[in-house]
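Structural overview
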Number of protein chains: 2
Amino acid sequence: MAVPSSVSVPPTASPLFLREHEVRRGVELLFFGYTRLTRAIDDGLAEHGLGRAHHRALYFIARQPDLPISALLKILAITKQSLGRVLNDLADKGLVETRTGNVDRRQKLLRLTPEGVKFEAQLFEALRSSLASAYAAAGQESVTGFWRVLEGLIPAEDKAMVIALQKDI
Amino acid sequence: MAVPSSVSVPPTASPLFLREHEVRRGVELLFFGYTRLTRAIDDGLAEHGLGRAHHRALYFIARQPDLPISALLKILAITKQSLGRVLNDLADKGLVETRTGNVDRRQKLLRLTPEGVKFEAQLFEALRSSLASAYAAAGQESVTGFWRVLEGLIPAEDKAMVIALQKDI
DNA sequence: AAGATGGGACAGCCATATTGACGTATCTTG
DNA sequence: CAAGATACGTCAATATGGCTGTCCCATCTT
């Protein structure tokens, strides 16, 4: 095992020592970066009485209009019951609407209403502003590396789903 | 730090950093990457009847032994009440202990017990395994970029705290 | 016609966060 | 030294967003 089982730390800069440090740095930066980015939209959500769970649904519906519920369930990796509550809230607020699928009439295809589009765009602006300034500060090469590392964190079985999101726009 | 641009990397970041597509890509990869990484330790935590909140505390106490509670509160950015419950759970399970500060006797300095060290190391191993393979797949230059972008997401007022974590090891 | 699939709903529970108020020990400062 | 600030603990109530289990209906597939 790569981690010493006591508090002892290798005295020299061994490969294990360096690896642990680099992994801890990544863990910490991911934690702070992710939480700070999500915090950027909390105020905008609170104005409409919504939470982060609502934003996640809103975001992916914006990204793939006419998304069936089953696809959204896979993306979010939560249960049908949890998602149901969120979608009902969004429908009640007039942000999301469903239409019956014409290929498979059992499906309900999700899309944003015009108000939903406007609200999502407003939230996205806060994300864009945060991420774009991080991108600009880091530089183009860094952004490419940022993407590549994160892609490596996604299990093979989920990768197709993520790539599908990104071929539309 | 100069990153050679000769390394051929398929989809590269365009110079138009503010483009919506690139921001959405970052948002999505951060979401999937972060959630998948945290999921890697859920089983290990569940074996001890603990959750992610417990791991976050455990992690930062491991990182900075003799951390005062106020410092941990700043790192986690949650309320004293929320942290109190988590720390009580960890103390009850014999993973964390406190000692009175000798500089300031009001402070309680947090550190892991030997069992806590062992448990944290076991959880860290799951994180290390996920992140190290993403690092290896992406390459060292990508890792540098990954760090730089995430650092850019951290607000200036929090940056000192994050850097303080990383100068110890 | 039978079974599989997509979706909806009820009931109850758990983990993790919040606010507000209050108490105690200890340190700092006028 | 007295007064106030700080570090920590705790009680009570509440919100959010997950979970399991169960049952239902409509529709598609075989």
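Quick summary incoming for the structure in this document. (Residues numbered from 1 in each chain as written. Chains lettered and ligands numbered in written order. Predicted model: local features only at pLDDT ≥ 70, side-chain atom pairs only at ≥ 80, totals over all residues. Heavy atoms only, no water.)

**Remarks on the nonpolar core**
Soluble, globular proteins show a tendency: their nonpolar side chains are buried together. Rules: Take the buried Ala, Val, Leu, Ile, Met, Phe, Trp, Tyr and Cys residues and link them wherever side-chain atoms come within 4.5 Å; each set so joined is a nonpolar core. We call a residue buried when its accessible area falls under 20% of the maximum for its residue type, exposed when it is over 50%, and partly exposed in between, using a 1.4 Å probe and counting protein chains only. Helix numbers and strand numbers start at the N terminus; a helix is a DSSP run of H or I with at least 4 residues, a strand a run of E with at least 2.
The biggest cluster of nonpolar side chains holds 95 residues, and the ones touching the most others in it are Leu72(A) and Leu72(B). Take this core: its biggest share by element is nine residues, from helix α6 (residues 114–138) of chain B.

**Here we look at the interface of chain B and chain A**
What counts is decided by this rule: The contact criterion used throughout is that any non-hydrogen atoms of two residues lie within 4.5 Å. Note on definitions: buried area is the accessible-area loss of two parts on being combined, 1.4 Å probe, summed for both. We count a salt bridge whenever a side-chain nitrogen from Lys or Arg sits within 4 Å of a carboxyl oxygen from Asp or Glu. Under the rule applied, a polar contact is a pair of N or O atoms within 3.5 Å (in protein, one hydrogen donor and one hydrogen acceptor; residues adjacent in sequence only if both atoms are side-chain atoms). For this classification, the nonpolar set comprises Ala, Val, Leu, Ile, Met, Phe, Trp, Tyr, Cys and Pro, the charged set comprises Asp, Glu, Lys and Arg, and every other residue, Gly included, is treated as polar.
Contacts between the two partners involve 70 residues from chain B and, on the opposite side, 68 residues from chain A. When the two sides are added together, the surface that chain B and chain A hide from each other amounts to roughly 7,300 Å², 71% of it contributed by carbon and sulfur. Linking chain B with chain A are eight salt bridges, by the criterion used here. Linking Arg24(A) and Glu120(B) is a salt bridge whose minimum nitrogen-to-oxygen distance equals 3.1 Å. Summed over the shared surface of chain B and chain A, the number is 22 residue pairs in polar contact (both at pLDDT 80 or more). Put simply, the parts of the chain that give the side of chain B that touches chain A at least two residues each are α1 (20–39), α3 (52–63), α4 (69–76), α6, α7 (140–153) and α8 (156–166) of chain B. Considering each element in turn, the side of chain B that touches chain A owes the most residues, 18 residues, to α1(B). A class-by-class count of the residues in the side of chain B that touches chain A yields 43 nonpolar, twelve polar and 15 charged.

**Some thoughts on the packing of aromatic side chains**
As a reminder, the rule being used: Each aromatic pair joins two rings of Phe, Tyr and Trp (for Trp, the six-membered one) with centres within 6.5 Å, and gets the label stacked for planes under 30 degrees apart, edge-to-face for over 60, and tilted for any other angle.
In this structure the tally under the stated criterion is 13 aromatic pairs over all chains. Measuring from centroid to centroid gives 4.2 Å for Tyr34(A) and Tyr34(B), while their planes differ by 15 degrees, and the two rings are stacked. Of this pair, Tyr34(A) sits in helix α1 (residues 15–39) while Tyr34(B) sits in helix α1, on two different chains. Take Tyr34(A) and Tyr34(B): they sit in the same class, and that class is buried. Judged by centre distance (6.3 Å) and plane angle (85 degrees), the ring pair of Tyr135(A) and Trp147(A) falls under edge-to-face. Of this pair, Tyr135(A) sits in helix α6 (residues 114–138) while Trp147(A) sits in helix α7 (residues 140–153), and the two are twelve residues apart along the sequence.

**Describing the protein's contact with DNA strand D**
Threshold: Note on terminology: near, applied to a residue and a molecule or strand, indicates that one of the residue's heavy atoms is within 4 Å of it.
Surveying the vicinity of DNA strand D reveals 22 residues, the closest of which are Arg56(A), Thr79(A), Arg85(A), Lys80(B) and Arg106(B). Near the protein, within 4 Å, the atoms of DNA strand D are sugar or phosphate in 59% of cases. One of the side-chain nitrogen or oxygen atoms of Arg106(A) is found 3.4 Å away from a base oxygen of DNA strand D. Sorting elements by how many residues they give to the surface near DNA strand D places helix α3 (residues 52–63) of chain A first, with four residues. Tallied by class, residues from the surface near DNA strand D come to four nonpolar, nine polar and nine charged.

Fair warning: the whole summary comes from geometry, so function is off the table for now.
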